[in-house]
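Each chain, letter by letter, is given below.
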Amino acid sequence: MSTGPLLEVRDLAKHFRVRRGLLGRAAGAIKAVDGVSFHVQAGETLALVGESGCGKTTAGRAVLRLIEPDAGSVHFDGQDVLALDAGGLRRLRRAMQIVFQDPYSSLNPRMTIGNMVGEALKVHGIASGAELGERVARILQRVGLSPDFRNRYAHEFSGGQRQRIGIARALAMAPRFIVCDEAVSALDVSIQAQMINLLKDLQDEYRLAYLFITHDLNVVRHIAGRVAVMYLGKIVETAPTDELFDNPRHPYTRALLEANPQPDPVAPRPRVLQGDVPSPLTPPPGCAFHPRCPKVMAHCDRQPPGWAVVSPGHGVSCHLDENAYIPAKSVTT
Ligand code: SF4
């Protein structure tokens, strides 16, 4: 077992080639993920946040190789994930799971809940017969569902229950790492709170690590220990959660926080983030945020900013912080 981070991602890139016209001529590439680096420790939650289309979902799926990255490296518990063949990847999938945003479309409508939760255990030869039934019952119970539900189908459940089924299915293989891709975004606030509590309890119990992908900063505050903010395929700021909320450095992070609706009725009304996300097919030169940035400077549209460490664990990519001290070994996200 490795002594470093459980998951280490370096310079990950995924570009989707775009073709146009009858002849399908190459028209460029959408740089959905463009040189992203981060790590996740065992038992930790890292939130990956940003507006829709920033590349966070692509990054999460590329880490699991649900889509193949074009460049970079992914190490899980010291193992080179991108070098694994089909068999090695299948074995690794026991330890690396995903919970999707829309549990209904990710659950097979023709399979009973019990069969769905037990499927992977059967396929991997981990349990069969009576033992399989007992394990499925235990998992359903652990996520707050009655084992009596095992013969029902997905359409018979509410949204919150379906998300519990999604979590049960991910948990069945006793994973160490789960990508939660907008896993609570579609749920009502009260159900959201229940799911967050469940995920936290499971994390404590099994020392699970989560990569929590979301656009909802209110959820982040409740679940994540650290946050990485993405904009147009790149990470622009990362920090421990309290530090990011109390001392955001990147103008994009500040704008996201100002645009975040507060549950408090007397809190100031959220400010709308100005402008649209530019096309990732033709990202702006220099700092990609410069057309929307309230602090834009003369050279921002020419020079891409580097990475500055402004305090332990707090890094930012912005010319405003370019004079921050960068100790060579501390540059990490
Ligand atoms: Fe704004 Fe310039 Fe910083 Fe980009 S580098 S976020 S444009 S100040």
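Residues numbered from 1 in each chain as written. Predicted model: local features only at pLDDT ≥ 70, side-chain atom pairs only at ≥ 80, totals over all residues. Heavy atoms only, no water.

1. Some words on the sheet that holds strand E9 (residues 226-231)
Pairing is mixed across the open sheet formed by eight strands, whose spatial order is E6-E7-E8-E3-E9-E10-E12-E11. Looking at the sheet topology across the chains shown, the edges are occupied by strand E6 (96-99) and strand E11 (308-311). Within this sheet the neighbouring strands show an average axis-to-axis angle of 20°, counted without direction. Pairing geometry for E9 and strand E10 (residues 234-240), over six bridges, is antiparallel. The residue bridging arginine 226 from the neighbouring strand is proline 240, located in E10. Its contacts with the sheet put helix H6 (residues 159-171) on E6 and strand E7 (177-181), and the angle it makes with E6 is roughly 175°. Relative to E9, helix H10 (residues 251-258) is tilted by about 105°, and along the sheet it contacts E9 and E10. (Pairing = 2+ DSSP bridges. Helix = DSSP H or I, 4+ residues; strand = E, 2+ residues; numbered from the N terminus. Axes fitted to C-alpha atoms, helices over the stretch in contact; angles between N-to-C directions. Contact = heavy atoms within 4.5 Å.)

2. Structural notes on the pairing of strand E4 (residues 71-76)
For strand E1 (residues 7-20) and E4, the ladder comprises five bridges, and the chain directions are antiparallel. Each bridged residue has a counterpart across the sheet, and for leucine 7 the counterpart in E4 is phenylalanine 76. Taking the residues between adjacent antiparallel strands as the criterion, E4 and strand E5 (residues 79-80) are bridged by two residues, where aspartate 77 takes a positive phi near 50°.

3. What about the domain arrangement of the protein chain?
Each assigned domain of the protein chain is listed here: domain 1 (7-95 + 175-330) and domain 2 (101-174). Relative to domain 2, the C-alpha centre of domain 1 lies at a distance of 29 Å. Across the contact, 21 residues belong to domain 1 and 14 residues belong to domain 2. Both faces considered, domain 1 and domain 2 share a buried interface measuring about 1,500 Å² in area, 66% of it formed by carbon and sulfur atoms. At the junction of domain 1 with domain 2, the criterion picks out one salt bridge. Residue arginine 142 is joined to glutamate 205 by a salt bridge in which the shortest nitrogen-to-oxygen separation is 2.6 Å. Linking domain 1 with domain 2 are four residue pairs in polar contact (both at pLDDT 80 or more), by the criterion used here. When residues of the side of domain 1 that touches domain 2 are traced back to their parent elements, those giving at least two are E7 and helix H7 (189-206). (Domains from an automatic or database assignment. Buried area = accessible area lost by both parts, 1.4 Å probe. Salt bridge = Lys/Arg side-chain N within 4 Å of Asp/Glu carboxyl O. Polar contact = N/O pair within 3.5 Å; in protein donor to acceptor, adjacent residues only side chain to side chain.)

4. Some points on the sheet that holds strand E2 (residues 25-40)
An order of E2-E1-E4-E5 is seen for the four strands of this open sheet, with the pairing classed as antiparallel. The outermost strands of the open sheet, each flanked by one partner alone, are E2 and E5. Most of the contacts of helix H1 (residues 56-63) go to E1, to which it runs at about 115°, and overall it touches E1, E2 and E4.

5. Description of the nonpolar core
Formed by 61 residues in total, the largest nonpolar core has its most connected members in Val117, Ile167, Val220, Val229 and Tyr252. The residues touching valine 229, leaving out its near neighbours within four places in the chain, are Val49, Lys234, Ile235, Val236, Glu237, Leu244, Tyr252, Thr253 and Leu256. Counting 34 residues, the second-largest nonpolar core is a separate cluster that includes Val40, Ala62, Leu64 and Val74. (Core = buried A, V, L, I, M, F, W, Y, C linked by side-chain atoms within 4.5 Å. Buried < 20%, exposed > 50% of the residue type's maximum accessible area, 1.4 Å probe, protein only.)

6. Some thoughts on the site of the ligand
Around the ligand, the neighbouring residues are His250, Pro251, Cys287, Phe289, His290, Cys293, Lys295, Cys300, Cys318, His319 and Leu320. Its residues assigned to classes, the shell around the ligand comprises seven nonpolar, three polar and one charged. (Near = heavy atom within 4 Å. Nonpolar A, V, L, I, M, F, W, Y, C, P; charged D, E, K, R; others polar.)

7. Considerations on H10
For H10, the buried fraction is high: six of the eight residues fall into the buried class. Those residues of H10 that sit buried are Pro251, Tyr252, Thr253, Ala255, Leu256 and Leu257. Where H10 is buried, its residues touch helix H8 (217-223), E9, E10 and helix H9 (241-246).

8. Re the packing of helix H4 (residues 113-123) against H6
In contact at an axis separation of 7 Å, H4 and H6 are set at 25° when each is read in the N-to-C sense. As far as their axial angle goes, H6 and H4 are roughly parallel. In this structure, H4 crosses over H6, and the sense of that crossing is right-handed. Contacts between H4 and H6 pair Ile113, Met116 and Val117 from the former with Ile165, Ala168 and Arg169 from the latter. (Parallel < 35°, antiparallel > 145°, perpendicular 65-115°, else oblique. Left-handed = near helix turned anticlockwise from the far one by under 90°.)

9. Topic: the pattern of salt bridges
Under the criterion given, the structure shown has 15 salt bridges. Between lysine 234 and aspartate 34 there is a salt bridge whose closest N-O contact spans 3.1 Å. Placement of lysine 234 in strand E10 and of aspartate 34 in strand E2 is noted, with a sequence separation of 200 residues between them. With a shortest N-O distance of 3.8 Å, aspartate 301 and arginine 302 are connected by a salt bridge. Three or more residues joined by partner-sharing salt bridges are found here, namely Lys14, Arg17 and Asp70.

10. So, the environment of leucine 7
By the element assignment, leucine 7 lies in strand E1. In this structure the C-alpha to C-alpha distance between leucine 7 and glycine 78, which are 71 residues apart in sequence, comes to 8.0 Å.

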